[in-house]
Amino acid sequence: MASPLIAPSILSADFAKLGEEIAAVARPGETRADWVHVDVMDAHFVPNLTLGLPVVESILKSTDVPIDCHLMIDDPDRWAIGYAEAGAYNVTVHVEAAADPVMLAKNLRAAGAKAGLSIKPGTPLEPHLETLKHYDTLLVMSVEPGFGGQSFIADVLEKVRTARRLVDTGHLKLVVEIDGGINSDTIEQAAEAGVDCFVAGSAVYGAEDPGRAVAALREQAAR
Ligand code: DX5
Ligand code: ZN
């Protein structure tokens, strides 16, 4: 498998100095993040509120690291396209929130972004396998979406294994991403189950040196 991708989540960064926080994981070398994960929450789909398109547009101007937008919002069919048009590398919507996920994926791709589909811990994957053919990434949530710093739910690794199998046998072409509770205690089991891209919020921005945390997680996932 290719080298593991690490995507620090700025949910755990200091929002008053977001530019510096992203720069800390954007320097060339092993401490550089592969993607920067941006959690958009609307206080409806999840019980928390973060940031929206104007902040993402500023982030996009401030860095050349690919931006991975995770939209935890209602009505992504209407709002997701704006993030793709703004230049986000990957735009992920929730399968529980999308009315027409296939059309949504087509629109995101037409706007130049990768299309991502996210699935909450309690949502089964099987009913959505056909839909996944239209997507570039599958974001398996390993905590209930809404907050950083929660404990990893290992049960979701079964969904990772299913997706991995379908990718490895050529039935799907997907980056398998995991989000929630990823740290030095949990990343190895996620890697073993077949994750390609690891989102880490508190494990990166709670560390003394976020760049070093990125390098350490990547090395651990590659073992
Ligand atoms: C939670 C977000 C995550 C969050 C992960 O709803 O989607 O991206 O930042 O934070 P940690 O890594 O601390 O669990
Ligand atoms: Zn996220």
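What counts as what
- Residues numbered from 1 in each chain as written.
- Chains lettered and ligands numbered in written order.
- Predicted model: local features only at pLDDT ≥ 70, side-chain atom pairs only at ≥ 80, totals over all residues.
- Buried ≥ 20, exposed ≤ 12 C-beta atoms within 10 Å, placed from the backbone.
- Helix = DSSP H or I, 4+ residues; strand = E, 2+ residues; numbered from the N terminus.
- Arc of directions from axis to C-beta.
- Contact = placed C-beta atoms within 7 Å.
- UniProt positions renumbered as here; feature names shortened; annotations may be inferred.
- Core = buried A, V, L, I, M, F, W, Y, C linked by C-beta atoms within 7 Å.
- Pairing = 2+ DSSP bridges.
- Axes fitted to C-alpha atoms, helices over the stretch in contact; angles between N-to-C directions.
- Right-handed = clockwise from strand over helix to strand, strands pointing away.

Chemist: I'd love a proper account of helix α3 (residues 76-86), names of residues and values included.
Modeler: Residues that lie three or four places apart on an α-helix share one face, since the helix turns once every 3.6 residues. Looking only at α3, the buried set comprises Pro76, Ala80, Tyr83 and Ala84. Down the axis of α3, the buried side of the element spans an arc of 100°, and every buried residue falls inside it. In this structure, the buried side of α3 is in contact with α2 (53-62), β3 (67-72), β4 (90-94) and α4 (101-110). Following α3 by one or two positions, glycine 87 adopts a phi angle in the positive range, close to 115°.

Chemist: Any chance you could break down the UniProt feature "binding site: a divalent metal cation" (unreviewed entry) in the chain for me, citing the residues and the numbers?
Modeler: UniProt's entry tags His37, Asp39, His70 and Asp179 with the feature "binding site: a divalent metal cation" (unreviewed entry), counted in the numbering of this structure. Across 143 residues, the annotated set stays spatially compact, with a maximum C-alpha separation of 10.5 Å. In this structure, histidine 70 sits in strand β3. When sequence neighbours within four positions are dropped, the list of residues in contact with histidine 70 reads His37, Val38, Asp39, Val40, Thr92, Ser118, Leu139 and Asp179. Given 26 C-beta atoms within 10 Å, aspartate 179 falls into the buried group. Ignoring any residue separated from it by four or fewer positions in sequence, one finds aspartate 179 in contact with His70, Leu139, Met141, Ser142 and Val199.

Chemist: Residue-level account of the nonpolar core, with values.
Modeler: Residues Val91, Val160, Ala190 and Phe198 are the most contacted members of the largest nonpolar core, which totals 70 residues. For valine 91, the contacting residues outside a window of four places in its chain are Cys69, Leu71, Ala80, Tyr83, Ala84, Leu108, Ala113, Ala115 and Gly116.

Chemist: So what's going on with the sheet that holds β3? Residues and values would help.
Modeler: Pairing is parallel in the open sheet, where eight strands are placed in the order β1-β8-β7-β6-β5-β4-β3-β2. The open sheet has two edge strands, β1 (5-8) and β2 (36-41), and neither has a second partner. On average, each strand axis in the sheet is tilted by 25° relative to the strand beside it, whichever way the strands run. Of the strands in this sheet, β5 (114-119), β6 (137-141) and β7 (175-179) are in contact with helix α5 (residues 157-168), which crosses β7 at around 170°. Of the strands in this sheet, β1 and β8 (197-200) touch helix α8 (residues 210-222), which is tilted by about 145° from β1.

Chemist: Give me α4: which residues, what numbers.
Modeler: The set of residues buried in α4 consists of Pro101, Leu104, Ala105 and Leu108. End-on view of α4: buried residues confined to an arc of 100°, all on one side of the axis. In α4, those exposed residues whose orientation departs by more than 90 degrees from the buried face are Met103 and Ala110. Turning to α4, the residues buried within the fold contact α3, β4 and β5. Backbone geometry just after α4 places glycine 112 at a positive phi near 100°.

Chemist: Tell me what's going on with the pairing of β7, and back it up with residues and numbers.
Modeler: For β7, a buried count of five out of five residues is recorded, marking the element as mostly surrounded by other parts of the structure. With burial as the criterion, each face of β7 is covered, one bearing Val175, Glu177 and Asp179 and the other bearing Val176 and Ile178. Viewed along the sheet, the connection from β6 through α5 into β7 turns out right-handed. Taken together, the three bridges between β7 and β8 define a ladder with parallel strand orientation. The residue bridging glutamate 177 from the neighbouring strand is cysteine 197, located in β8.

Chemist: Lay out the pairing of β8 with the relevant residues and their values.
Modeler: On β8, burial covers both faces: Cys197 and Val199 on one face and Phe198 and Ala200 on the other are all buried. Pairing analysis gives four bridges linking β1 to β8, with the strands arranged parallel. Counted as the bridge partner of isoleucine 6 is phenylalanine 198 from β8. Taken together, β7, helix α6 (residues 187-193) and β8 form a β-α-β motif whose crossover is right-handed.

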